[in-house]
Amino acid sequence: MKTKAEYALEVEDLSIRFPVLQSSVHAVDSLSFKVARGEVLGVVGESGCGKSVTALGIMRLLKSPPAHIVARSVRVMGRELSTLSEDSMRLVRGNDVAMIFQEPMSSLNPVLTIGEQIAETLTTHRGMSWRMSLARAVELLSLVRIPDARQRIDEYPHQLSGGMRQRVMIAMALACEPKLLIADEPTTALDVTTQAQIIRLLQELQQRFGMAVVLITHDLGVVGQMAHRVVVMYAGCKVEEGPIQEIFAAPRHPYTVGLMRSRPRLGSSVNGLRRDRLLELPGHVPTLAELSSQGCLFAPRCVLATDKCRNETPPLLGRDSNHVAACWRSDDLGSLLKPLSI
Amino acid sequence: MSRYRQLSSLFRTHPTMVIGGLILFVAFSAALLAPWLGTVDPLQIEPMKRLRPPSVSNWFGTDIFGRDVWSRVIYGGRVSLIVGAAVAVISMGVGLAIGLVSGYLRRVDRIVMRLMDAMMAIPAILLAIALMAITKPSVGNVIIAISIAEIPRVVRLARSMVLSLREEVYVQAAITTGARLPSILLRHILPNMTAPLMVQGTYIFAAAIIIEAALSFLGAGTPAEVPSWGNIIAEGRNLFLLATWIVLIPGLFLSITVLSINLVGDGLRDLLDPRFAKRI
Amino acid sequence: MIWRLIKRVLSTIPVIGLVGILVFSLLYLSPGDPAAIIAGDNATTEEVDRIRVHLGLDLPLHSQFGKWVWRLMHGDLGQSIFSSLPVQRLISQRLEPTIVLTVTTTVWVILTAIPMGLLAAWRVGTWIDRSVMALTVIGFSFPSFVIGYILIFGISVKLEWLPVQGYKPIADGFLPFLRSIILPTLTLGLVYTALVARMTRASLLEILNQDYMRTARAKGLSKTRIVLRHGLKNAAVPIITTLGAGIALLIGGVVVTESVFGIPGLGRLTVDAIVRRDYPVIQGVTLVFAVTYVFINLAVDLIYVMVDPRIQD
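Thresholds applied
Residues numbered from 1 in each chain as written. Chains lettered and ligands numbered in written order. Predicted model: local features only at pLDDT ≥ 70, side-chain atom pairs only at ≥ 80, totals over all residues. Helix = DSSP H or I, 4+ residues; strand = E, 2+ residues; numbered from the N terminus. Buried ≥ 20, exposed ≤ 12 C-beta atoms within 10 Å, placed from the backbone. Contact = placed C-beta atoms within 7 Å. Pairing = 2+ DSSP bridges. Axes fitted to C-alpha atoms, helices over the stretch in contact; angles between N-to-C directions. Parallel < 35°, antiparallel > 145°, perpendicular 65-115°, else oblique. Left-handed = near helix turned anticlockwise from the far one by under 90°. Nonpolar A, V, L, I, M, F, W, Y, C, P; charged D, E, K, R; others polar. pLDDT = per-residue confidence, 0-100. Core = buried A, V, L, I, M, F, W, Y, C linked by C-beta atoms within 7 Å. Expected span 1.5 Å × (residues − 1). Bend = angle between axes of the 7 residues up to and from the residue.

**Some remarks on the overall build of chain C**
Link 1 in the chain: The helix and strand tally for chain C stands at twelve helices and zero strands.
Link 2 in the chain: In sequence order, chain C lays out its α and β elements as α-α-α-α-α-α-α-α-α-α-α-α.
Link 3 in the chain: Each principal axis of the C-alpha distribution contributes one length, and for chain C these read about 80 × 60 × 40 Å.
Link 4 in the chain: By the burial criterion, 42% of the 313 residues in chain C qualify as buried.
Link 5 in the chain: In chain C, 70% of the contacts between residues at least 6 apart in sequence involve partners at least 24 apart.

Printed below as a string of structure tokens:
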């Protein structure tokens, strides 16, 4: 009996630890979130906050050992992934869930044609013949707006530009029409103009296929363009989650405010004078070993930190369950806020 | 940490290296202490005791001239180790010098590398054989011949390291402050090359011992009067079926010595690799 | 692209020329009088003079060199001092066994060393990996003649499975040929196997850590496909490089192996020439081996172009 799953991805209490010297550190600590079907969830945070590790953990692409992954549940389209055997998991990868990575040059095999790299997902998961798979690959290349698809099939990655390679990665990921796409920093390695093109393409394809997307990035501009909801991560934990408009208009965590204020924006100067200064978040993301065991993780860098913040770890709080933040002082953030626009 | 603690923690991470080192230590000691290890004159002929298998009086038996094989093996070890060490030092020294200059001066480099490529096209053994054919056989000449054959490899390694180190920022900085070529080479580039060079040195040590033995085995190495492992095997081969110990025992000594050098070299390579910069 | 290939082929000419000059000039590196050394301690002055004339040492240097080049271009490698036969004829007589042995060994190495290296990399850290590493370090350490005698002792003497020595050409029957070639192949191939296995393992380990392997896993491809298609194809270049470079080991080892097993090939020719100090023969064989090595490297480079698409541009 098939019940229609409501969520494309449900992660409950995911923790990923790595051994360091005599003990271990949490790269990801009790992370929970859901992605509805056809929804785009942005996952933002600075480098080192655990976003990529989360994605690799969900896909079970982390080498374990040394990684130690525990979760209450990780479900894709209602199907539990954490208990699957490796062979079964392999059938899920590239098929129900696809992933694209940050560095398109090194993520494509240099000695195989791009046609083969796209087609092999189809031959593996759909049992198609090579001829049919390659034909479909040509279609997919056209879908991602690569001109002269028929010639490109026989070309090698080094013959393509960075933007085109990322399109090839997207074509590869979409080949089996996955219900969930995980995009790990898909535009970070590209120049600004290409970034915009890729994001537009992803949006189009997402709407067309009704795919859920987990969009991992540290770039709030990218998130603003594409995401429906946002999860903000800090030091391996979720510190805020909410709908995109609310997050941008009324963030409830000082870290989120800091992230947004650190973006330079066009139009922020009047008559040639800067209207506001770039905010710099003092301090650095703590190394995993430096994390203290009690109190808010962000307290050391927070201008609003009180003793309560330093002693009691705040749970996720909010006026409604739609928009929550792990902060005791969410209602006092007014002093940090100025009118913000995306 | 005390020496003992250092050694035992090294043993835990690199057991084969420590074992190799110990064997090598034993080999060197045996070579040094040869006269006191129950040996007799390795050249002493005893016509009455020819081709005796290993026994209490002759631990490794006797050869076709009645000479005590144990003594010949121990003294032969001296020759092999001396040749190996000498070749390593000479070829590393000369090769390093050439490689340093060649890596830095482009005009010199082109000629030198062509020459080295041509030399490396000739298999090392054949080059050594050809060189030995035009000189009188002696331990010294064997050392020179094998060194010449091993120099191209060292030059190549040194040169490629110089080429990459040249581009390092601190070298560029030294140039802008007016440092002269010899100073740059010696103070900035050379110290960063020591680790791979040391590893290469141990491998040359091992290779030289093998080549010397092969040369002697073929009759183109140390003269017959000088007992070397290769010589002993060469003499024993004609009667191999009658007296296997004359060939197999020195062969085993030879192989285990080289094995221990290789193990030490492998361990050194692991330890000195900056990627595995775990302090013991 | 064709132009690059032609350039590569043409570039072997200066190398071969240099090798020729090198081999020619070896004679002059002698610290003493080469004719006297070759003649030996007990030679009379007439004999020394005879050898000197034979080697052309009585002529001025430039005309010696000219004669050498002239003769080389006509395929004349000089005359044996010992037998007065043309060196070139001596070489061609002994060519077959050496070529057969070399080819058999190369095939053997490809069939054993590459899978060994692959297996070790796939199962890195396990006992399989450690066994391969142990075997290879033994291969590097035990000289071929020691291995040869150990094999002879164990297999021919004790077990009596295979003949002790000798070579039977294929024309005399396939089975006798096979039986005579097994031990020499194993002996000659050990060092080469060790080298190729290690290199294969190292290349594959490095490749398995690359980003594109992670992408391949993320696509849910089968392990076989990932290792063999994605991994091996990238490892092809370093493996082929090693196969080519290892040929030098093979050529050097031929001399010793043929000596141990009494195979009447070029190696034996060399050994006989050593004993008799028949310098022209030594020179001739050295030249032949060196030129072969240069051509093999050329072949390797040409294979690269076919295997690695990045080199084409």
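**What about the overall build of chain B?**
Link 1 in the chain: Looking only at helices and strands, chain B features eleven helices and zero strands.
Link 2 in the chain: Listing each helix as α and each strand as β along chain B from the N terminus yields α-α-α-α-α-α-α-α-α-α-α.
Link 3 in the chain: Taking the principal axes of its C-alpha atoms as reference, chain B extends roughly 75 × 50 × 25 Å.
Link 4 in the chain: A buried classification covers 48% of the 280 residues belonging to chain B.
Link 5 in the chain: At a minimum sequence separation of 6, the contacts of chain B that also span at least 24 residues come to 68%.

**Overview of the sheet that holds strand β3 (residues 40–44) of chain A**
All names here are of chain A.
Link 1 in the chain: With mixed pairing, eight strands are arranged side by side in an open sheet as β7-β8-β9-β3-β10-β11-β15-β14. Taken across any chain shown, the strands that pair with only one partner, and hence form the sheet edges, are β7 (97–100) and β14 (317–320). Sheet twist, expressed as the average angle between the axes of neighbouring strands with direction ignored, equals 20°.
Link 2 in the chain: Relative to strand β11 (residues 237–243), strand β10 (residues 229–234) is paired through six bridges, and the arrangement is antiparallel. Looking at β11, one finds that Val230 is bridged to Gly242.

**Concerning the arrangement of the chains**
Link 1 in the chain: Here two pairs of chains make contact, and the pair sharing the most contacts is chains B and C.
Link 2 in the chain: There is no contact between chain A and chain B; across them, the least C-alpha separation is 11 Å.

**Quick notes on the packing of helix α5 (residues 87–122) of chain C against helix α6 (residues 127–141) of chain C**
Residue and element names in this part refer to chain C.
Link 1 in the chain: At a minimum axis distance of 7 Å, the contact between α5 and α6 shows a crossing angle of 135°. Comparing their axes, α6 and α5 come out oblique. As for how α5 packs across α6, the hand of that crossing is left-handed. Contacts between α5 and α6 pair Met116, Leu119 and Ala120 from the former with Ile128, Asp129, Val132 and Met133 from the latter.

**Considerations on the environment of Pro196 of chain B**
Residue and element names in this part refer to chain B.
Link 1 in the chain: Locating Pro196 in the fold gives a position in helix α9 (residues 194–218).
Link 2 in the chain: Sequence separation of Pro196 and Met161 is 35 residues, and the distance between their C-alpha atoms is 9.2 Å.
Link 3 in the chain: In contact with Pro196, not counting residues within four places along its chain, are Leu157 and Met161.

**Remarks on the interface of chain A and chain C**
How big an interface is tends to be expressed through the accessible area that disappears when the partners come together.
Link 1 in the chain: Listed per partner, the contact involves 25 residues of chain A and 17 residues of chain C.
Link 2 in the chain: Among the elements that line the side of chain A that touches chain C, the one with the most residues is helix α4 (residues 114–125) of chain A, at four residues.
Link 3 in the chain: Taken together, the residues of the side of chain A that touches chain C sort by class into twelve nonpolar, nine polar and four charged.

**What to know about the pairing of strand β5 (residues 73–76) of chain A**
All names here are of chain A.
Link 1 in the chain: On β5, burial follows the alternation: Val74 and Val76 on one face are buried, whereas Ser73 and Arg75 on the facing-out side are not.
Link 2 in the chain: Relative to β5, strand β1 (residues 7–20) runs antiparallel, the two being bridged by four bridges. Residue Glu12 lies in a different strand from β5, and its bridge partner there is Ser73.
Link 3 in the chain: Sheet topology places β5 next to strand β6 (residues 79–80); two bridges connect them, and they run antiparallel. Paired with Val76 across the bridge in β6 is Arg79.
Link 4 in the chain: The antiparallel pairing of β5 with β6 creates a hairpin that spans two residues between the two strands, and Met77 there sits at a positive phi of about 55°.

**Describing the interface of chain B and chain C**
Link 1 in the chain: Taken together, the contact pairs 39 residues of chain B with 42 residues of chain C.
Link 2 in the chain: Element by element, the count of residues in the side of chain B that touches chain C is highest for helix α11 (residues 244–272) of chain B, at eleven residues.
Link 3 in the chain: By residue class, the composition of the side of chain B that touches chain C is 29 nonpolar, six polar and four charged.

**Remarks on the packing of α6 of chain C against helix α8 (residues 174–208) of chain C**
Residue and element names in this part refer to chain C.
Link 1 in the chain: Running from amino to carboxyl end, α6 crosses α8 at an angle of 140°, the nearest separation of the two axes being 8 Å. Classified by the interaxial angle, the pair formed by α6 and α8 is oblique. Pair α6 / α8 crosses with left-handed handedness. For the pair α6 and α8, the contacting residues are Val132, Thr136, Gly139 and Phe140 in the first and Leu190, Val191, Thr193, Ala194, Ala197, Arg198 and Arg201 in the second.

**Some words on the confidence of the model for chain C**
All names here are of chain C.
Link 1 in the chain: For chain C, mean pLDDT is 85; residues scoring 70 or higher make up 99% of the total.
Link 2 in the chain: By mean pLDDT, helix α2 (residues 34–39) is the weakest element of chain C at 76, and helix α9 (residues 211–218) is the strongest at 93.
Link 3 in the chain: The complex prediction reports pTM at 0.81, with the ipTM value standing at 0.86.

**A closer look at the nonpolar core**
Link 1 in the chain: Formed by 159 residues in total, the largest nonpolar core has its most connected members in Ala128, Ile129, Ala208, Ile211 and Ala214 of chain B.
Link 2 in the chain: Discounting chain neighbours no more than four positions away, the residues touching Ala128 of chain B are Ala145, Ile146, Ala149, Ile211 and Leu215 of chain B.

**Brief notes about helix α7 (residues 144–158) of chain C**
Link 1 in the chain: For α7 of chain C, spanning 15 residues, the distance from its first C-alpha to its last is 20 Å, which sits close to the expected 21 Å at 1.5 Å a residue.
Link 2 in the chain: If you look at α7 of chain C, its biggest bend is around 30°, right at Ile152 of chain C.
Link 3 in the chain: Those residues of α7 of chain C that fall on the buried side of the exposure criterion are Ser144, Phe145, Val146, Ile147, Gly148, Tyr149, Leu151 and Ile152 of chain C.
Link 4 in the chain: Against the buried residues of α7 of chain C lie α9, α10 (229–237) and α11 of chain B together with α8 and α10 (223–261) of chain C.
Link 5 in the chain: Within two residues after α7 of chain C, Glu160 of chain C carries a phi angle of roughly 55°, on the positive side.

**As for unusual backbone geometry**
All names here are of chain A.
Link 1 in the chain: Backbone geometry at Arg60 places phi at a positive 55°, although glycine is not the residue there.
Link 2 in the chain: In this structure, Asp148 is a non-glycine residue whose phi angle is positive, near 55°.
Link 3 in the chain: For Asp148, the location among the structural elements is in the loop between α5 (130–143) and α6 (149–152).

**Here's the deal with the confidence of the model for chain B**
Residue and element names in this part refer to chain B.
Link 1 in the chain: Residues with a pLDDT of 70 or more make up 97% of chain B, whose mean pLDDT is 86.
Link 2 in the chain: Across chain B, α9 holds the top mean pLDDT of 92, while helix α8 (residues 181–189) sits lowest at 76.
Link 3 in the chain: Confidence drops under a pLDDT of 50 for residues 276–280, and excluding neighbours within four residues, the segment shows five contacts in the predicted structure.

**Details of the environment of Val144 of chain A**
Residues and elements named next belong to chain A.
Link 1 in the chain: Structurally, the position occupied by Val144 is in the loop between α5 and α6.
Link 2 in the chain: Linking Val144 and Asp184, residues 40 residues apart in sequence, is a C-alpha distance of 18 Å.
Link 3 in the chain: Non-local contacts of Val144, meaning those with residues more than four positions away in its chain, are made with Arg167, Ile170, Ala171 and Leu201.

**A closer look at the environment of Ile207 of chain C**
Residues and elements named next belong to chain C.
Link 1 in the chain: Residue placement: Ile207 occurs in helix α8.
Link 2 in the chain: Residue classification places Ile207 among the buried positions, given that 20 C-beta atoms sit within 10 Å.
Link 3 in the chain: In sequence terms Ile207 and Arg89 are 118 residues apart; their C-alpha atoms lie 48 Å from each other.
Link 4 in the chain: When near neighbours in sequence (up to four residues on either side) are disregarded, Ile207 contacts Met213, Gly231, Asn234 and Ala235.

**Side note on the pairing of β1 of chain A**
Residues and elements named next belong to chain A.
Link 1 in the chain: Examined bridge by bridge, β1 and strand β2 (residues 23–36) share ten bridges and lie antiparallel to one another. Considered in β2, the bridge of Glu10 is made with Lys34.
Link 2 in the chain: Taking the residues that link successive antiparallel strands as the turn, the β1-β2 hairpin has two residues, and the phi of Leu21 there is positive, at about 50°.
Link 3 in the chain: Two elements, β1 and strand β4 (residues 68–70), share three bridges in a ladder whose sense is antiparallel. Bridging across to β4, Arg17 finds its partner in His68.

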